[in-house]
Each structure stands twice: as structure tokens, then as C-alpha cells.
Amino acid sequence: MYSIRPVNDLFLRACRNEPTERRPVWMMRQAGRYLAEYRAVRERVDFLTLCRTPELAVEVTLQPVRLVGVDAAILFADILLPLDAMGAGLRFAAGDGPVFDHPVRSLDDLARLGDPDVERDLGYVFAAMRLARRELAGAVPLIGFGGTPWTLAAYLVEGGASKNHGRLLSWSWEDPRGLARVLGRLADVSVRYLQGQVDAGAQAIQLFDTWGGLLDAQRFRELALPALLVVVEALRGKVPLIYYLNNGAHLLPELAGLPVEVLSVDWRLPLDAVRKVVGPDKVLQGNLDPTALLSSPARIAELTDALLREGEGGGHIVNLGHGILPQTPPDHARAFVAAAQRQAPAPAGAARQG
Ligand code: CP3
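Computed from a predicted model, the values in this text were never measured in an experiment.

K.L.:
Help me understand the environment of G114, please; the structure alone is not making it clear to me.
P.N.:
The residue G114 is located in the loop between α6 (107–112) and α7 (118–121) in this model. On the accessibility criterion, G114 (30% relative accessible area) is partly exposed. Among residues more than four places away in sequence, those in contact with G114 are M86 and R185.

K.L.:
Even after reading the chapter, I still don't get the pairing of strand β6 (residues 241–245), so can you show me in this structure?
P.N.:
Counting buried positions over the five residues of β6 gives five, a clear majority of the element. Bridge count between strand β5 (residues 204–209) and β6: five bridges; the pairing is parallel. Bridged to L207 within β6 is Y243. By the bridge criterion, four bridges tie β6 to strand β7 (residues 262–265) in an arrangement that is parallel.

K.L.:
How should the sheet that holds strand β9 (residues 316–320) be read in this particular structure?
P.N.:
Backbone-to-backbone hydrogen bonds join strands into a sheet, with any given pair of strands oriented parallel or antiparallel. Ordered in space as β1-β4-β5-β6-β7-β8-β9, the seven strands form an open sheet in which the pairing is parallel. Each having just a single partner strand, β1 (73–74) and β9 make up the two edges of the open sheet. Sheet topology note: the strand β8 (residues 283–288)/β9 ladder contains five bridges and is parallel. By the bridge assignment for β9, L288 is matched with L320.

K.L.:
Before we go on, may I ask you to explain unusual backbone geometry in this structure?
P.N.:
Among all residues except glycine, the phi angle is most often negative; among peptide bonds, the trans geometry is most common. The residue after G286, namely N287, is reached through a cis peptide bond having omega 0°. As for its placement among the helices and strands, N287 is situated in strand β8. Here the phi dihedral of A137 falls at roughly 45°; this positive angle occurs in a residue that is not glycine. By the element assignment, A137 lies in the loop between α8 (123–136) and β4 (142–147). Exposure remark for A137: the relative accessible area of 36% places this residue in the partly exposed category. The backbone phi angle of H165 is positive, close to 55°, even though this residue is not glycine. Here H165 is to be found in the loop between α9 (149–158) and α10 (166–174).

K.L.:
Got a minute to help me understand the site of the ligand in this structure?
P.N.:
Within the structure, the ligand sits among 21 residues, and Y38, R42, D78, T210 and H322 are positioned closest to it. A distance of 2.8 Å separates an oxygen atom of the ligand from a polar atom in the side chain of R33. Between the ligand and H322 there is a distance of 2.7 Å, counted from an oxygen atom to a side-chain nitrogen or oxygen. Burial of the ligand by the protein amounts to 88% of the accessible area it has alone, namely 870 Å². Per-class residue counts for the shell around the ligand are 14 nonpolar, three polar and four charged.

K.L.:
Please clarify how the packing of helix α15 (residues 297–310) against helix α16 (residues 330–341) should be interpreted in this entry.
P.N.:
With their axes 9 Å apart at the nearest point, α15 and α16 run at an angle of 35° to one another. Our pair here, α15 against α16, has a crossing hand that is right-handed. Packed against α15, whose contacting residues are P297, I300, A301, T304, L307 and L308, the element α16 presents H332, A335, F336, A339 and A340 at the interface. Per-class residue counts for the contact of α15 with α16 are nine nonpolar, two polar and no charged.

K.L.:
Would you mind going over helix α4 (residues 54–67) with me for this structure?
P.N.:
Each α-helix winds once per 3.6 residues, and so residues spaced three or four apart point in a common direction. Its 14 residues give α4 an end-to-end C-alpha distance of 20 Å, which sits within 8% of 20 Å, the value for a rise of 1.5 Å per residue. The buried fraction of α4 is high, at eleven of 14 residues. Those residues of α4 not exposed but buried are P54, L56, A57, V58, V60, T61, L62, Q63, P64, V65 and L67. On its buried face, α4 sits against α2 (36–44), α3 (47–52), β1, α8, β4 and α16.

Rules and cut-offs
- By convention here, each chain's residues receive numbers from 1 onward along its written sequence.
- Reporting of local features is limited, given that this is a predicted model, to residues whose pLDDT is at least 70; pairs of side-chain atoms are given and counted only at 80 or more, and all residues count toward the totals for whole chains, interfaces and linings.
- Calculation of side-chain values draws on the structure's entire complement of heavy atoms; hydrogens and water are dropped beforehand.
- Strands here mean DSSP runs of E at least two residues long; helices mean DSSP runs of H or I at least four residues long; both are numbered from the N terminus.
- Using a 1.4 Å probe on the protein chains alone, a residue whose accessible area is under 20% of its type maximum counts as buried, one over 50% counts as exposed, and one in between counts as partly exposed.
- Residue contacts are defined here by distance: any two heavy atoms, one from each residue, within 4.5 Å place the two residues in contact.
- Strands were regarded as paired on the criterion that DSSP finds at least two bridges between them.
- When at least one non-hydrogen atom of a residue lies within 4 Å of a molecule or strand, that residue is treated as near it.
- Two N or O atoms form a polar contact when they lie within 3.5 Å of each other; inside protein one atom must be a possible hydrogen donor and the other a possible acceptor, and for residues adjacent in sequence the pair counts only when both atoms belong to side chains.
- Residue exposure ignores everything except the shown protein chains as possible cover, and the areas themselves are Shrake-Rupley values with a 1.4 Å probe.
- Under the convention adopted here, Pro, Cys and the residues Ala, Val, Leu, Ile, Met, Phe, Trp and Tyr are nonpolar, Asp, Glu, Lys and Arg are charged, and Gly plus all remaining residues are polar.
- Here the axes come from fitting lines to C-alpha atoms, over the contacting stretch only for helices, and the angles between their N-to-C directions go from 0 to 180 degrees.
- When the near helix sits turned anticlockwise from the far one by under a right angle, the crossing is termed left-handed; a clockwise turn instead gives a right-handed crossing.
- Given the number of residues in a helix, its expected span is that number minus one, multiplied by 1.5 Å.

So this is what it looks like as C-alpha cells:
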């Protein structure tokens, strides 16, 4: 069947490291509070109701495509939803971020959590995915996502956001095998949840490792990597996988061999330096500092041009190095996306982009 709407599959081709006319661009947390249109929806419903109402989740998923012009959509949901489905009791207290009524601080706590039936308990995410695919009609690809087991554990053990992750890290020193059981359960639920997203139409999956950088390289290998590999191996080959690591420049040598197509990195190392460590095969995603979008549109265009030059040495999906900040003026987000899309073709021989 032919669509009369132009189909933009730059993002998917870039994930597979195929030649593209230009590099695609999207932004982590692109559906969110920096958009007045998102805030208008949030005035009517709270955050979790928004996640659980497919029509509304799809409405805000499409907002950045329509209003900012990004080359990919990411389904509106949250990495913490599967923890709630396990019975951890997620709430968003006004101004405080996420809170769990039943944190897991022992193996007894873990045993008290349930084993979710993802179709029954997270089916609203899959329904939103199907609806978003239908509404997008191929206009841009749709990304699904989840947290890595380590990052999910960071919230589940702490009972919410934390300044120093004392509970998680003390458990990791005292009883790494016990914590590995928690990570194993989280990996198992994640595999079923992410497989459900793929079955519902997710065209790529991004794994968010917001807290992976807390660990030194040896402890990352021993604690976080085994459960991460369970998830990656289960999904491998189904859709392109993107692994996002925050604050983890010291872990890049560990990641060069991770079997994912795309490595998404923060801004703390320039992309050409990342490329030197991970080699030619990985597609890189990122990595403008989100605070750069608080500077003027003219400055944003210059900084984006510099980012494009740093990314010339291989496959590159343009993005921020972490989520867009709520105080970002929408015009500044548009300046970033427009500058990325205006790019001249990479010089011959310098890049895979054709
Ligand atoms: O990227 C997108 O546009 C899709 C939606 C998305 C959200 N959260 C919506 C959201 C995605 C991909 C996430 C990922 C997420 N959620 C991460 C990993 C990325 C990162 O930022 O490191 C993490 C750690 C979470 C957990 C989470 N969700 C926290 C800590 C908070 C509170 C802090 C905050 O940013 O407000 C949330 C809430 C949340 N998730 C909001 C949004 C738009 C704000 C809720 C609101 O509207 O009030």
C-alpha cells in the first residue's frame, strides 16, 4: 500500500549503519514539560494517568514530531512503569519525583513483589504503541524503551530518586549475590515488557542506563553487565537496540563489545574521542549538553555544527547527551533540530553518511 505522506526512515537506516542523505535527529525526553502543549494535557490529568491513557499518551508522543520536526518519535511512557506493575507502588509526589511505597531493600522485599503479566498489567503501553504506529503512518519511526536492570534497581532499592545511592551501593558491597537476584528479576520482567513493545510495533528499543556510571569498570562488569546482557541477548536481532549510558566515559572500553547497534553517550567526551575507544562499527547517538539549548538559537546552530563535525567519523544519530530540560524554550529545541537537519553531506571518505 502506498502512503501519500512522505516516509522518513532516516533514523532506522542510521541505526543499521546504512548510508543516509543526512543524519537523523531526535531528543531524549522530547515529549515533555518544555512544550506548552504537553503542559496543557498535564493540567487535565496526572502523569501516571497520562501514561495509562493511550489516546493521551499518543497525543503527547506526536507533539514533538509536529511541533519540533524531529526524525523519530519515542513512545510516551516511563522506565518505572514495570516496577509499579510488580507491585512496588509508584507515586509521583508533587515536586519530589518518583516515590515507591514498597521499595526492595532485602530478598524478603523482593519475594513480596509480584510477577507481572505484562499484557494484563502493562497492556496500556502496548495499546499506546499500536495506536502511535497507526497515527504516525510511517511519517517517522517509533522508538520503545525501558531502563536497564541496574538503573531500575537504583530507583527500586532507594525507593525513588537519590542523591548518593547509599542503599543500593551498600547492598552491592555487602551482598553482591543478593543484589544480583534483584537484577535478575528486573531483567526477566524487562525482557517480557520490551518484547511486548516490539510485538506492538516498536521499531527500535532504547535502554536507559542513567545510573550505570556510578560503578567503576570492574564492578560494572560484575554487577550491572550480566543482567544487561540478558536483556540485550533476548532482544538482539529483533529491532535495533540503543544503549544509553549517562556519566560513563570511564566505561566505554567495556561497551565496545556490547551487542547493540547504537551507543548513546552524554557530552562529557566529544564524539570523536568516543569513536576512538569504541571503534568503527558502533553507531553513536548524541551528545549535545542539554544546557547548551539554554543559549541563543544562533549559538545553538554553531554548537550543533561543531557536534556534526565531531560525529563525522562514522554512523551518527544526532541527539542530546541527556534529556531536554523543562525550562528549554521550544524555539531553541527547534533551532537544534533545524541546524542538525541543515547539515551538508559529510565530506567523501570522512563518514558513512552518503
Ligand atoms: O523521551 C520521551 O519523550 C518519552 C518519555 C520518557 C519519560 N521518561 C517521560 C517522563 C522517557 C524516555 C523517560 C525515561 C526516564 N524516566 C528515565 C531515563 C532517562 C533519564 O532522564 O535519565 C528516568 C531515570 C525516568 C524516571 C523518572 N520519570 C523520573 C526520575 C521522573 C521525575 C523527574 C522528572 O524528570 O520529572 C520521571 C517523570 C517523567 N517521565 C516526566 C516525563 C515527561 C515528568 C512528569 C511530569 O509531567 O510531571
